[in-house]
There are 4 protein chains.
Amino acid sequence: MTTALLGLGQMGDGIARTLISRGHALTVWNRTAARALPLASEGARVTPTVAEAVAHADVVLSVLADDAAVTSVVEGTNGLLATMARHAIHVSMSTISVALARKLDAAHASVAQGFISAPLFGRPAAAASGQVLIVAAGPDDQILKVRPVLEAAGRALVVIGKAPEQANALKLAGNFMIAAMIETLGEAIAFARRHEIEPATLLETVNGGLFKSPVYDTYGSIIAERRYSPPGFKLPLGLKDIRLVLQAADAAGVSMPLASLVHDRLLAAQGRGKGALDWSAFGQLSLEDAGLE
Amino acid sequence: MTTALLGLGQMGDGIARTLISRGHALTVWNRTAARALPLASEGARVTPTVAEAVAHADVVLSVLADDAAVTSVVEGTNGLLATMARHAIHVSMSTISVALARKLDAAHASVAQGFISAPLFGRPAAAASGQVLIVAAGPDDQILKVRPVLEAAGRALVVIGKAPEQANALKLAGNFMIAAMIETLGEAIAFARRHEIEPATLLETVNGGLFKSPVYDTYGSIIAERRYSPPGFKLPLGLKDIRLVLQAADAAGVSMPLASLVHDRLLAAQGRGKGALDWSAFGQLSLEDAGLE
Amino acid sequence: MTTALLGLGQMGDGIARTLISRGHALTVWNRTAARALPLASEGARVTPTVAEAVAHADVVLSVLADDAAVTSVVEGTNGLLATMARHAIHVSMSTISVALARKLDAAHASVAQGFISAPLFGRPAAAASGQVLIVAAGPDDQILKVRPVLEAAGRALVVIGKAPEQANALKLAGNFMIAAMIETLGEAIAFARRHEIEPATLLETVNGGLFKSPVYDTYGSIIAERRYSPPGFKLPLGLKDIRLVLQAADAAGVSMPLASLVHDRLLAAQGRGKGALDWSAFGQLSLEDAGLE
Amino acid sequence: MTTALLGLGQMGDGIARTLISRGHALTVWNRTAARALPLASEGARVTPTVAEAVAHADVVLSVLADDAAVTSVVEGTNGLLATMARHAIHVSMSTISVALARKLDAAHASVAQGFISAPLFGRPAAAASGQVLIVAAGPDDQILKVRPVLEAAGRALVVIGKAPEQANALKLAGNFMIAAMIETLGEAIAFARRHEIEPATLLETVNGGLFKSPVYDTYGSIIAERRYSPPGFKLPLGLKDIRLVLQAADAAGVSMPLASLVHDRLLAAQGRGKGALDWSAFGQLSLEDAGLE
């Protein structure tokens, strides 16, 4: 199987390294070519254009920042629709909108290409070490074809439905749940500190004794210790994801007041100068609003 | 050490049984005497009044419903302040307000009695099987005296500070975190279902692959399967706890919009006829508001 | 001056009648031709296509439902960009997005046509009786040309800026303020009723004695008397407007928790079966959530 | 009729001056005696104790800061219950809790005294110029007796029910409606400014053309011009009032998410250093969160 990977940001680069280290031949492309060079020395074939990258590929993985970036590699005379082989499969691993996934599914089908959504759960370090969780959705026969690549790209592959956009919806639901947890932790830590309880004590007791969740542990200690920089996942990207949650919820007729709350918090965090920090920095607002910093 | 236990509701009864089964002699009292009888056959000494229950006790555990119930056993001519021995210690295990804990601390000290807060994390079944987590706060010397009883009453004892009300604050923070999680799950499940994703699939993927928390598992499946009855923890009690969170937050100058949101949800759930169900039934509102039920 | 008017829904029909009654010759078009017939007997020239309606017009007023409807009459071989004369001016009176107004402004300029935004404040009865408030924005010279028509179309014309999208932003801000007032009234009426105070008493006292606003009066009595049907302004249209507020706010970096709240309320009202009612029916949720209905 | 007035803060002093200027003999008392002296020269009889002030009064007006201040003049051996004549009437004009009004009503009745709630709508300048609106509730016969005094104390007296606490509930509903309007204005102004629309333009257009409310005008210009100091009504007092709204709503089973939102905003404004400003300063948070200041 010939595999191409488009997009070598923090996540894409990590996925590429994992696949190479697990024995997969890979052709890679990145908008900013310089970012691709280190992968050449790892054995990847680096191409200057999308068209060259995907010309002979059976599977094309895209790991890009947002809807605009994905659209820009799909459409146009040099885009995937025009340049991928018939029956080749585009696997979108980016966190994109439910609406775009639906649109890409139809567009690829109209030119006899396949489309699968397979977004990633994990931060950059997990991508590089092969520890991301991959949640995929698409038709059974297409999933069957891309399964070897996806299983090699992370620590686990979970297939959750036959319509690609379901994987995007689930990814968005997951990010919403993490954002809700960040808000929860921010408020709880502010409340604890105002009662002279150390954040670490709160976390050890409530998470250690009750929730027992590594995600609470990770984000709780980031907020408690204000380790928002360097960012693992930048605030504007988190804001984008929660925006996509709300857009999909609106389109589906789902009222989500907690998603609205974290969206407003992310916007306010950006307005209050935290745009270059990790997205969990919006948890800091609760501390500031309590007069604690 | 002579130990008395006041209050044999679901939680108090469970704690009493655990202590007896672990070899502690116990004098018990309950407002409705009939509820105490089964414990007599387990070996507890049952007394008709608070005064008789605590007359010879070194340690008095109270496990009651709310501030009013605790106040009613503490004040008055037959209350703890008037009838407990000097140097005996009142251990309040109820989920009461931070303000009342402060007041009780001062009141007991004024008559040379001790006071410790040691609220419980766990549902009734956990109390009966000795699996609750006990979070205590109070002066070191008093903690030392009551430690054997508290260690026997659950699966673990965590001491988090020297001021009793800190344990109450931490308990309230914990319940807030669970309520926030319930709202999160309700919204996420409504969002998933509107995208044709089964709640079980959402939970297996996001909690199984990411959060890995038994609390998400428990509440997620309750909401997914609508198992709100019989209630493990009744909605009005949950509403009371979040009310206490907001009162303490207000007094401490902490703005908690997510706590406000779950408070409003609990009130609305009550207004929409769910007052006799488990408190997690407020997670159902998201499904109803999405037109799903 | 030759004037065309596109769109004869409740608002467009009212504007057309007002202009005719005030002596303006009018060519009209509506997607569903039957709706245009009654205006023919009032003296309007009715055309079957957009192209015919605008071919000789100096000013083209569009009064349509949403972004999609406006886009559909602007783009394509029979759309305004292709068929309006050079230097003719498109006056968009619909409540459309800030983003679309920006896009239309650029598109019309690129073919030497003019573009002005002039959204309406008022309900259908006000449109028909010439009582709407018109808020316009656009370049001075273009405003000068369309002023006679716009002054005749309502009770007042207010020009608030030189960039057309500013008028759209102001219209959205106004609708947000009305939606916020509806939520306020819903909660206040539920609170009053639970204290045995009649809604009419609340309104007479607080609005009559303090706010003194006809808008509070109108919406307060609608909610107090549950006169949500027939709708003056349907709930899905109100939901659309608040969606546009939040989209523009997000793009502009403005956190608006109250706008988010009313958006979630509108979605929930729709999910709870109120989609065919007047948009103020979301004020009813407060009463239902208080167990009052 | 002999009238006493207790409490000479900004509002009480204004009410006293209005009554004197309209020909009412007045005995006054204030905790800080110095504040009463200027009224002596206006003709008021100044007394050093509550007991002396009310000994011969038929009507006792109290205009105090909060529940605690009112309780402190009512209870105890020198309080109103002990020192007012039988059949004398206590008229509470303070913004106090619904719960306290109920309690005072019962307490006065138990010693054959009357009790009426008659809270004020208006800022200090309105009190001094006789322009406040007085909203009263109580039994008909008692209202009849105090009517001459209350009609002289402001610009209008509205009687809204027979149970005193209804007037307090209505006053709280009114303050909630003003707070909701402040939040509305803050968000709308931030939204407008981010679209290059001057706040004055927004207000002139939307309030001038639509709402037509003097309250929007007053608060809108305060926020637009940031005239938060000197405060007309201090932020902690506004926070107290919204706290009372939420307490009464909770007790009455009314879910009020917008009241919760403004409560959280007021707390955050206090935490962010605005505690000495006018309560409308919480409208400023929207501007700060949008990066505008």
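Residues numbered from 1 in each chain as written. Chains lettered and ligands numbered in written order. Predicted model: local features only at pLDDT ≥ 70, side-chain atom pairs only at ≥ 80, totals over all residues. Heavy atoms only, no water.

**Student:** Is there a simple way to think about the interface of chain B and chain C in this case?
**Tutor:** Quoted interface sizes are often the accessible area lost when the parts come together. At the interface, 8 residues of chain B touch 8 residues of chain C. When chain B packs against chain C, close to 470 Å² is buried across both sides, 49% of that on carbon and sulfur atoms. When the buried surface of chain B facing chain C is broken down by residue, G271, R272 and D289 of chain B rank first, second and third, together holding 72% of it. Joining chain B to chain C, the criterion identifies 2 salt bridges. One salt bridge connects D289 of chain C with R272 of chain B, and the closest N-O pair in it is separated by 3.3 Å. Elements with a contribution of two residues or more to the side of chain B that touches chain C: α13 (257-271) and α14 (284-289) of chain B. (Contact = heavy atoms within 4.5 Å. Buried area = accessible area lost by both parts, 1.4 Å probe. Salt bridge = Lys/Arg side-chain N within 4 Å of Asp/Glu carboxyl O. Helix = DSSP H or I, 4+ residues; strand = E, 2+ residues; numbered from the N terminus.)

**Student:** Any chance you could explain the nonpolar core here in plain terms?
**Tutor:** Note on soluble globular proteins: their nonpolar side chains tend to be buried together. The biggest cluster of nonpolar side chains holds 124 residues, and the ones touching the most others in it are M181 and F211 of chain C together with M181 and F211 of chain D. When sequence neighbours within four positions are dropped, the list of residues in contact with F211 of chain C reads V206 and Y216 of chain C together with M177, I178, M181, S213, P214, V215 and Y216 of chain D. Core analysis: the next-biggest nonpolar cluster, separate from the first, contains 123 residues, V98, I182, L258 and L261 of chain A among them. (Core = buried A, V, L, I, M, F, W, Y, C linked by side-chain atoms within 4.5 Å. Buried < 20%, exposed > 50% of the residue type's maximum accessible area, 1.4 Å probe, protein only.)

**Student:** Got a minute to help me understand unusual backbone geometry in this structure?
**Tutor:** Put simply, S229 of chain C and P230 of chain C share a cis peptide bond, and its omega is 0°. Along the chain, P230 of chain C turns up in the loop between α11 (214-225) and α12 (235-252). A positive phi angle, near 75°, is found at H87 of chain B, a position not held by glycine. Among the secondary structure elements, H87 of chain B is positioned in the loop between α5 (80-83) and β5 (89-92). At A112 of chain C, a position not held by glycine, the phi torsion is positive, near 60°. Here A112 of chain C lies in the loop between α6 (98-110) and β6 (114-117). For A112 of chain C, a relative accessible area of 26% gives the class partly exposed.

**Student:** Hey, could you run me through the interface of chain D and chain C in this one?
**Tutor:** Taken together, the contact pairs 57 residues of chain D with 57 residues of chain C. Interface area for chain D against chain C, summed over the two sides, is near 4,800 Å², with a carbon-plus-sulfur share of 76%. The largest share of the area that chain D buries against chain C comes from M177, F191 and F211 of chain D, three residues that together contribute 15% of it. Our count for the contact surface shared by chain D and chain C stands at 0 salt bridges. If you look at where chain D meets chain C, you find 15 residue pairs in polar contact (both at pLDDT 80 or more). For the side of chain D that touches chain C, the elements supplying multiple residues, two or more each, are α6 (98-110), β8 (133-137), β9 (156-161), α9 (164-194), α10 (199-211), α11 (214-225), α12 (235-252) and α13 (257-271) of chain D. Per element, the largest residue contribution to the side of chain D that touches chain C is 19 residues, and it comes from α9 of chain D. Residue composition of the side of chain D that touches chain C, by class: 38 nonpolar, 10 polar and 9 charged. (Polar contact = N/O pair within 3.5 Å; in protein donor to acceptor, adjacent residues only side chain to side chain. Nonpolar A, V, L, I, M, F, W, Y, C, P; charged D, E, K, R; others polar.)

**Student:** Before we go on, may I ask you to explain the packing of helix α9 (residues 164-194) of chain A against helix α11 (residues 214-225) of chain A in this structure?
**Tutor:** Helices that pack against each other are described as a pair by the angle of their axes relative to one another and the distance between those axes. Residues and elements named next belong to chain A. Between α9 and α11, the least distance of the axes is 10 Å, while the angle of their chain directions is 50°. Overall, the two elements α9 and α11 adopt an arrangement that is oblique. Seen along the crossing, α9 lies across α11 with a hand that is right-handed. Each of I178, M181, I182, L185, G186 and I189 in α9 lies in contact with α11, whose residues at this interface are V215, Y216, Y219, G220, I223 and A224. Tallied by class, the residues present in the contact of α9 with α11 amount to 10 nonpolar, 2 polar and no charged. (Axes fitted to C-alpha atoms, helices over the stretch in contact; angles between N-to-C directions. Parallel < 35°, antiparallel > 145°, perpendicular 65-115°, else oblique. Left-handed = near helix turned anticlockwise from the far one by under 90°.)

**Student:** When you look at the relation of the copies chain B and chain C in this model, what are you seeing that I'm missing?
**Tutor:** Mapping chain B onto chain C calls for a screw motion: a turn of 180° about the axis and a shift of 0.0 Å along it, with 0.1 Å RMSD after fitting. Such a combination of rotation and displacement between the chain copies is what one expects of a two-fold axis. Taken together, the interface assignments show that 100% of the residues at the interface of chain B recur at the interface of chain C, consistent with an identical surface on both copies. (Least-squares fit on C-alpha atoms with pLDDT ≥ 70 in both.)

Honestly, it's all geometry; don't read function into it.
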